[in-house]
Amino acid sequence: MAKTKRVKTKDIDIGGKTYTLTFSDADVTTYLEQTSLIPKKVHAAQSFDESVEVLKNSIELFLGADSFEQVFNDCEQNILNVMNELFMLLEVVNNEIYPDEEIEIPPEPEIEEDEIFPD
């Protein structure tokens, strides 16, 4: 009987729904190509519609076809929350691909209530 290679997976919760990320050789190759490009694409978007399209394509790259609508609804139809989930996905994917080099997204600086422009 032929030996089948076991594909590594990682479960991730978004808005109360569990998604399974797969890390087959083909997936990892695609992830490596795309993870560095996604932040650049988000930054380069010239309109709201372009930004949404980048988010949609990126979310569906990791979570599967037609998953964007569910994530958008789970994020209370707030595009900034979707972007936050995307960057969290990038962090999880990078940490799975490079397990010995934990990659963290630095926390946002705390802003005091009376402070308008933080240092």
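Refer to the structure above for everything that follows.
Rules behind the numbers
- Residues numbered from 1 in each chain as written.
- Predicted model: local features only at pLDDT ≥ 70, side-chain atom pairs only at ≥ 80, totals over all residues.
- Heavy atoms only, no water.
- Axes fitted to C-alpha atoms, helices over the stretch in contact; angles between N-to-C directions.
- Helix = DSSP H or I, 4+ residues; strand = E, 2+ residues; numbered from the N terminus.
- Parallel < 35°, antiparallel > 145°, perpendicular 65-115°, else oblique.
- Left-handed = near helix turned anticlockwise from the far one by under 90°.
- Contact = heavy atoms within 4.5 Å.
- Nonpolar A, V, L, I, M, F, W, Y, C, P; charged D, E, K, R; others polar.
- Buried < 20%, exposed > 50% of the residue type's maximum accessible area, 1.4 Å probe, protein only.
- Polar contact = N/O pair within 3.5 Å; in protein donor to acceptor, adjacent residues only side chain to side chain.
- Phe/Tyr/Trp six-rings, centres within 6.5 Å; stacked < 30°, edge-to-face > 60°.
- Arc of directions from axis to C-beta.

J.: Please explain the packing of helix α1 (residues 25–35) against helix α5 (residues 79–97) as it appears in this structure.
T.: Packing of α1 against α5 brings their axes to within 11 Å, and their N-to-C directions diverge by 125°. By the angle class used here, α1 and α5 are oblique. Viewed along their axes, α1 and α5 form a crossing whose handedness is left-handed. Of α5, the residues touching α1 (which contributes Val-28, Tyr-31, Leu-32 and Thr-35) are Leu-90, Val-93, Asn-94 and Ile-97. Partitioning the contact of α1 with α5 into residue classes produces six nonpolar, two polar and no charged.

J.: I'm lost on the side chain of Ser-67 in this one. Help?
T.: Turning to its location among the elements, Ser-67 is positioned in helix α4 (residues 67–74). With relative accessibility at 6%, the residue Ser-67 sits in the buried group. At 2.7 Å, the side chain of Ser-67 forms a polar contact with the backbone oxygen of Gly-64. Not counting residues up to four positions away in its chain, the partners in contact with Ser-67 are Tyr-19, Ile-59 and Glu-60.

J.: Help me understand the packing of aromatic side chains in this model?
T.: Two numbers describe a pair of aromatic rings. These are the distance of the centres and the angle of the planes. Evaluation of the coordinates by the stated rule reveals three aromatic pairs. When the centroid spacing of 5.1 Å and the interplanar angle of 45° are considered together, the rings of Tyr-31 and Phe-62 count as tilted. A residue pair is termed long-range when its members are at least 10 positions apart, and Tyr-31 in helix α1 and Phe-62 in helix α3 (residues 48–63) qualify at 31 residues. Of the residues examined, Tyr-31 reaches a relative accessible area of 3% and is grouped as buried. Members of the aromatic cluster, connected to one another through ring pairs, are Phe-23, Tyr-31 and Phe-62.

J.: Would you explain α4 in this entry?
T.: Side chains of residues three or four places apart in an α-helix project in the same direction, reflecting 3.6 residues per turn. When α4 is considered as a whole, its buried residues turn out to be Ser-67, Phe-68 and Val-71. Buried residues in α4, looked at end-on, bunch into an arc of 100°, giving them a common side. Those residues of α4 that are buried are in contact with β1 (8–14), β2 (17–23), α3 and α5. At the C-terminal side of α4, Glu-76 shows a positive phi close to 60°.

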